[in-house]
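The chain contents come next:
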Amino acid sequence: MAEGEILDIAATALGIPRGPRHVALIMDGNGRWAAARGLPRFEGHRRGVEALRRAVRAAIDLKISYLTVYSFSAENWSRPREEVQSLLGLLHRFIRNDLSELHANNVRVRVIGARADLAPEIAGLLREAEQVTQANTGLTLVVAFNYGARQEIAAAARALAQMVAEGRLTPEEIDAEAIAARLDTADIPDPDLIIRTSGEQRLSNFLLWQAAYAEFVFLPILWPDFDRAAMAAALEEYAHRERRFGGRTDAPRSAKTAS
């Protein structure tokens, strides 16, 4: 029986949707994968890009609508210069080598994160990926680059404060919806499922606001070993979760994150 059929049967039996609409990935463990094999960290990151390709293809096959990947955090700039340059080089190659395949597979690329201080070449690459694929209607691949959730929320707060200072908004009008509308993800549904590899169990400043009602699956494997089977296993575990969004089992209420 195919993996998709297994997920359909499990979900039907539980009376819940087939699977998550939006999956987010914290791709952790590249360095440890390389160290365990006596390889340089760069090789771990390179194999991590291969795992990302597998994850995108699996998301397409498993009918996921949104896949968000934590590709480069705002804190990653503090890593050694050589490692940062290697990561940026891999991003460059990924976009140059994979954009045509993404486009051919009807994938739309969205980038979230701060761009104001990025080098022109990097900013241009991100912009190109979005522009080339903007009309596509299949999987939306959300790339979190130079992204930090605390920074994102702070920027939204500053925008609202500026509106209050200009008299365009009153403090009483600031609510959860007003904040959400000014986040990088304002046009993207909240994640239903967040998967983190390497066995670590934390968010690491990733989608803190949007993860309010997300389900979490922490996998013991390191990111370079992530494949379609790992994705399918996480989705099958999700299919057995009971999502109440703060309500009771016998009276669930709707939420933006509902599939």
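Here, every reference points to the structure presented above.
Report on the accompanying structure.

Cut-off values and rules
Residues numbered from 1 in each chain as written. Predicted model: local features only at pLDDT ≥ 70, side-chain atom pairs only at ≥ 80, totals over all residues. Heavy atoms only, no water. Salt bridge = Lys/Arg side-chain N within 4 Å of Asp/Glu carboxyl O. Helix = DSSP H or I, 4+ residues; strand = E, 2+ residues; numbered from the N terminus. Buried < 20%, exposed > 50% of the residue type's maximum accessible area, 1.4 Å probe, protein only. Core = buried A, V, L, I, M, F, W, Y, C linked by side-chain atoms within 4.5 Å. Pairing = 2+ DSSP bridges. Axes fitted to C-alpha atoms, helices over the stretch in contact; angles between N-to-C directions. Contact = heavy atoms within 4.5 Å.

Comments concerning the pattern of salt bridges
Move 1: One pass over the structure, following the stated rule, counts 19 salt bridges.
Move 2: Here D28 makes a salt bridge to R196, at a shortest N to O gap of 3.0 Å. Note that D28 is positioned in the loop between β1 (22-26) and α2 (30-36) and R196 in strand β5 (residues 193-196), a separation of 168 residues in sequence.
Move 3: Among the residues examined, D28 registers a relative accessible area of 16% and is labelled buried.
Move 4: For R196, a relative accessible area of 4% gives the class buried.

Describing the nonpolar core
Move 1: Counting residues in each nonpolar core, the largest one holds 48 residues, and the members touching the most others are V23, L25, L67, F145, I195, F226 and M231.
Move 2: In terms of residue count, helix α4 (residues 81-104) provides more of this core than any other element does, nine residues in total.
Move 3: Judged by nonpolar contacts, the second largest core, of 15 residues, contains I26, V142, A149 and I194.

Let's talk about the sheet that holds β5
Move 1: Taken together, the six strands give an open sheet; going across it, the order is β3-β4-β2-β1-β5-β6, and neighbouring strands pair in parallel fashion. Bordering the open sheet on either side are β3 (108-112) and β6 (215-218), each of which pairs with just one other strand. Strand-to-strand twist in this sheet, taken as the mean axis angle between neighbours without regard to direction, amounts to 20 degrees.
Move 2: As judged from the seven bridges shared by strand β2 (residues 66-73) and strand β4 (residues 140-147), these two strands associate in the parallel manner. Bridge assignment links Y66 to a residue of β4, and that residue is T140.
Move 3: On the sheet, helix α8 (residues 228-239) packs against β1, β2, β5 and β6 and is oriented at approximately 135 degrees with respect to β5.

On their own, these measurements won't tell you what the molecule is for.
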